[in-house]
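Secondary and tertiary structure notes
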Amino acid sequence: MTTSTRGAAKVPAVLVLEDGRIFRGRAYGAVGETFGEAVFSTGMTGYQETLTDPSYHRQVVVMTAPHVGNTGVNDEDPESQRIWVSGYVVRDPARVPSNWRAKRSLDEELRHQGVVGISGIDTRALTRHLRERGAMRVGIFSGNALPDEGTMLAEVRQAPEMKGANLAAEVATKETYVVPAIGEKRFTVAAVDLGIKGMTPHRMAERGIEVHVLPATATAEDVYAVNPDGVFFSNGPGDPATADGPVAVMQEVLSRKTPLFGICFGNQILGRALGFGTYKLKYGHRGINQPVQDRTTGKVEVTAHNHGFAVDAPLDKVSDTPYGRAEVSHVCLNDSVVEGLQLLDQPAFSVQYHPEAAAGPHDAAYLFDRFVSLMEGQRA
């Protein structure tokens, strides 16, 4: 990716998909070129959390909401220390942000962090194209001396694909750190960082949990060195089929019957650890308005999602695994994709979505309480 942080308001920009479709607009954010997987997000709010979610590493995010940047950028809402998306696509960016917490405009923040974007294109047409053809590689090119269309398309087709990408270690912490419990400490949790969002350990800390956040390369010995009451596997980017290390660690956790909770990438890791396969969705689930049913209670939740891969597990039966019986606990009501797993003979479960609600609704906050209940039961 090459970028310039000079003003981009009237600079021409071109978006090129790997199947040859082209959209022309204006540069938004940094000027230059960038490549990634084109995906769309249906959230109308929460763009700061989306941009700073490490799960979006190497993805170019298309916002389906037409107006983006209205509330500017603040210093409280980021989910990590930087923007992770490789490119950003909007239709009508706000000219002037308006919010009492705003410190700067979204355009300024994108330029400051060198994130190449494009505005002024028909994002509805682009979204419909991705729904019909599937997520695919894309390039955004901006500047006054753009390459010809053939050159741009060739560069897009040379970019790496998401399938087969091993990305968790690129976004995870390199050193272990601790998020202290808020109030009285009740439990210790080892959290394997595969691309964790800042709000996730905070949600656990609110429940009296001291969270030790470990690198994606952590071993089982590293996990148990903190003497955990429970183990957590986070969200993250890339293809779960490449995550052999985290799968091996989770299998050791399952063998010891330590209470276990996984979200998003962690759900896919649990699926693999139990012997299920994973596969790439046509265009994935991304946004903060995805309907999911908790099959254990019948409750329907509106949830926050960001995943392009899913677990291939049977919806209609209980499965036998090396660690006991397992079943699909949650399912997406849009397309019946597996959205959660649970073991019936030991304390382990996972969900495919983001219950920390950053950004997004709080319907799934009870899952952190469910994790606490598992640790209470194990201690008793």
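Rules behind the numbers
Residues numbered from 1 in each chain as written. Predicted model: local features only at pLDDT ≥ 70, side-chain atom pairs only at ≥ 80, totals over all residues. Heavy atoms only, no water. UniProt positions renumbered as here; feature names shortened; annotations may be inferred. Helix = DSSP H or I, 4+ residues; strand = E, 2+ residues; numbered from the N terminus. Buried < 20%, exposed > 50% of the residue type's maximum accessible area, 1.4 Å probe, protein only. Contact = heavy atoms within 4.5 Å. Disulfide = S-S within 2.5 Å.

The name an unreviewed UniProt entry gives the chain is Carbamoyl phosphate synthase small chain, with Streptomyces albiflavescens as the organism. On record in UniProt, under Sequence similarities (unreviewed entry), the comment for the chain is "Belongs to the CarA family." Regarding the chain, the relevant UniProt record gives this comment under Subunit (unreviewed entry): "Composed of two chains; the small (or glutamine) chain promotes the hydrolysis of glutamine to ammonia, which is used by the large (or ammonia) chain to synthesize carbamoyl phosphate. Tetramer of heterodimers (alpha,beta)4."

1. Topic: the UniProt feature "active site" (unreviewed entry) in the chain
When the UniProt feature table is mapped to this numbering, "active site" (unreviewed entry) covers C264, H354 and E356. A maximum C-alpha distance of 11.4 Å is found for the annotated residues, which run over 93 residues; spatially they form one tight group. Its place among the elements puts C264 in the loop between strand 15 (260-263) and helix 9 (265-274). Classification of C264 by relative accessible area gives buried; the value is 1%. Discounting chain neighbours no more than four positions away, the residues touching C264 are N235, N306, H307, V351, Q352, Y353 and H354. Looking at where E356 falls in the secondary structure, it is placed in the loop between strand 21 (348-351) and helix 10 (366-379). Apart from residues lying up to four places away in sequence, E356 is in contact with K197, M199, T200, R203, I263 and F368.

2. Some details on the state of the cysteines
Taken as a whole, this structure holds zero disulfides when the rule is applied. In this model C264 remains outside any disulfide bridge; the closest cysteine sulfur is found in C332, 13 Å from its own. The exposure class assigned to C332 is buried, which follows from its relative accessible area of 1%.

3. Some remarks on the UniProt feature "binding site: L-glutamine" (unreviewed entry) in the chain
When the UniProt feature table is mapped onto this chain numbering, "binding site: L-glutamine" (unreviewed entry) sits at S55, G236, G238, F265, Q268, N306, G308 and F309. Despite a sequence span of 255 residues, these residues sit close together in the fold, their greatest C-alpha distance being 13.3 Å. With respect to the helices and strands, N306 occurs in strand 17 (residues 300-312). Filtering out sequence-adjacent residues up to four positions away, N306 remains in contact with D53, S55, Y56, Q59, C264, H285, R286 and H354. Turning to its location among the elements, G308 is positioned in strand 17. For G308, a relative accessible area of 12% gives the class buried.

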